[in-house]
Amino acid sequence: MTTRRMGAVAVSALLALGLAACGSDAGTTGTDGGSDGGSGLKIGIKFDQPGLGLKKGTEYSGFDVAVATYVAKELGTEAADITWVQAPSAQRETLIETGQVNLVFATYSITDKRKEKVSFGGPYFVAGQDLLVRSDDTSITGPDSLDGKKLCSVTGSTSAQNVKDDHPGVQLQELSGYSECLPALANGTLDALTTDDTILAGLAAQAEYAGKFKVVGQPFSQERYGVGLKKGDTALCEKVNAAIKKMIEDGSWQKAIDANLGPAKYKPGAGNPPTPDACS
């Protein structure tokens, strides 16, 4: 065999290996439903929401984490093979669109605006926006008593947008994470924190804040938590929905609620457990 022919064979072999490798990588991106294989999933969650999505060291806990782990197993990925990715509210669409995650379980409310960029499985839970105040504060009884008050929420969240739209008299301060609001609320710099009642319950239940805060208990929105995934990936959406339905039917959903939100004496409101929407 001439040197030129040997070189051509070598190049062909390298190209074949490169194509095979590309095919393997493509199988984990979520397109054509390929992200449900056994090679692992990249799942976006919150890292700072006690009871929902919380990272402590190398451990991850919360209701969102429990649902994500269950769904991943149904898709062929064991818990040890999940790569957990931090998904701040303002970055969730970008993480999905750029392929940095396959799925997002991050108190991710399903909205028409978000559907312009991503698709959703679920919902797997229905929450309601509420207010967290200091335990001794009797001046705030609901959203109608917020005028002139200093209110904290998180940049990019539907909670912040709801307040802007419906309560323009509020002094709204938007921070990058809910945990950043708590010290200011505790020392009186801020008057209230608003987000979903599930998140508020988890925050109030933390040992370091025991007895300091209370949830007002007057929800003023309905937040349908969905599983964010690449836009148009109907095959993956349908598999996610099947897993959610199974989790509800076999009792694992309720056990996850009890384990993660039960300590705050939280009980799911109207609409729970939900029926996932049809995929489109």
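Residues numbered from 1 in each chain as written. Predicted model: local features only at pLDDT ≥ 70, side-chain atom pairs only at ≥ 80, totals over all residues. Heavy atoms only, no water.

Asks: Even after reading the chapter, I still don't get the packing of aromatic side chains, so can you show me in this structure?
Replies: Across all of its chains, the model carries 12 aromatic pairs by this definition. Each ring, one from F47 and one from Y60, has its centre 5.7 Å from the other, and the planes form 55 degrees; the classification is tilted. Of this pair, F47 sits in the loop between β1 (41-45) and β2 (48-49) while Y60 sits in strand β4 (residues 59-61); the two residues are 13 residues apart in sequence, bridging distant segments of the chain. Exposure remark for Y60: the relative accessible area of 25% places this residue in the partly exposed category. Ring centres 5.8 Å apart and planes at 45 degrees place the aromatic pair F105 and Y124 in the tilted group. Here Y124 lies in strand β7 (residues 118-127) and F105 lies in the loop between β6 (103-104) and α4 (112-115), a separation of 19 residues in the sequence. Judged by its relative accessible area of 0%, F105 falls in the buried class. Residue class for Y124 comes out buried when judged on its relative accessible area of 0%. Members of the aromatic cluster, connected to one another through ring pairs, are F63, F105, Y124, F125, Y225, W253 and Y266. (Phe/Tyr/Trp six-rings, centres within 6.5 Å; stacked < 30°, edge-to-face > 60°. Helix = DSSP H or I, 4+ residues; strand = E, 2+ residues; numbered from the N terminus. Buried < 20%, exposed > 50% of the residue type's maximum accessible area, 1.4 Å probe, protein only.)

Asks: What's the story with the sheet that holds strand β3 (residues 53-56) in this structure? I'm lost.
Replies: Sheet strands line up and pair through hydrogen bonds in the backbone, either parallel or antiparallel. The sheet built from three strands is open, its strands ordered β2-β3-β4 with antiparallel pairing. Two strands close off the open sheet at either side, each with one partner strand: β2 and β4. Bridge count for β3 against β4 is three bridges, and the pairing is antiparallel. Residue pairing in the sheet places K56 in a bridge with E59 of β4. (Pairing = 2+ DSSP bridges.)

Asks: Sorry if this is basic, but what is going on with the sheet that holds strand β11 (residues 192-196) here?
Replies: Spatial strand order, β10-β9-β11-β8-β12: five strands in an open sheet with mixed pairing. The sheet terminates laterally at β10 (171-175) and β12 (213-215), the two strands that pair on one side only. Strand-to-strand twist across the sheet, computed as the mean angle between neighbouring axes with direction ignored, equals 30 degrees. Taken together, the three bridges between strand β8 (residues 129-134) and β12 define a ladder with antiparallel strand orientation. (Axes fitted to C-alpha atoms, helices over the stretch in contact; angles between N-to-C directions.)

Asks: When you look at the pattern of salt bridges in this model, what are you seeing that I'm missing?
Replies: Opposite charge on two side chains permits them to pair, given that their charged atoms come into close proximity. According to the stated counting rule, one finds five salt bridges in the structure shown. Between K246 and E74 there is a salt bridge, with its nearest N and O atoms 3.4 Å apart. Linking K246 in helix α8 (residues 234-249) with E74 in helix α2 (residues 63-74), this pair joins segments that are 172 residues apart in sequence. For K164, the salt bridge is made with E174, and the minimal N-O distance between the two is 2.9 Å. With K164 in helix α5 (residues 158-166) and E174 in strand β10, this residue pair connects regions lying 10 residues apart in the sequence. E174 sits in the partly exposed class, given a relative accessible area of 28%. (Salt bridge = Lys/Arg side-chain N within 4 Å of Asp/Glu carboxyl O.)

Asks: Just checking my understanding: could you explain the pairing of strand β9 (residues 150-154) for this structure?
Replies: Look at any regular strand and the pattern is simple: side chains alternate between the two faces of the sheet. Most of β9 sits inside the fold, with four of its five residues counted as buried. Handedness of the crossover is the feature at issue here: the chain leaves β9, passes through α5, returns alongside β10, and the resulting connection is right-handed. Examined bridge by bridge, β9 and β11 share two bridges and lie parallel to one another. Residue pairing for β11: L151 is matched across the bridge by A192. (Right-handed = clockwise from strand over helix to strand, strands pointing away.)

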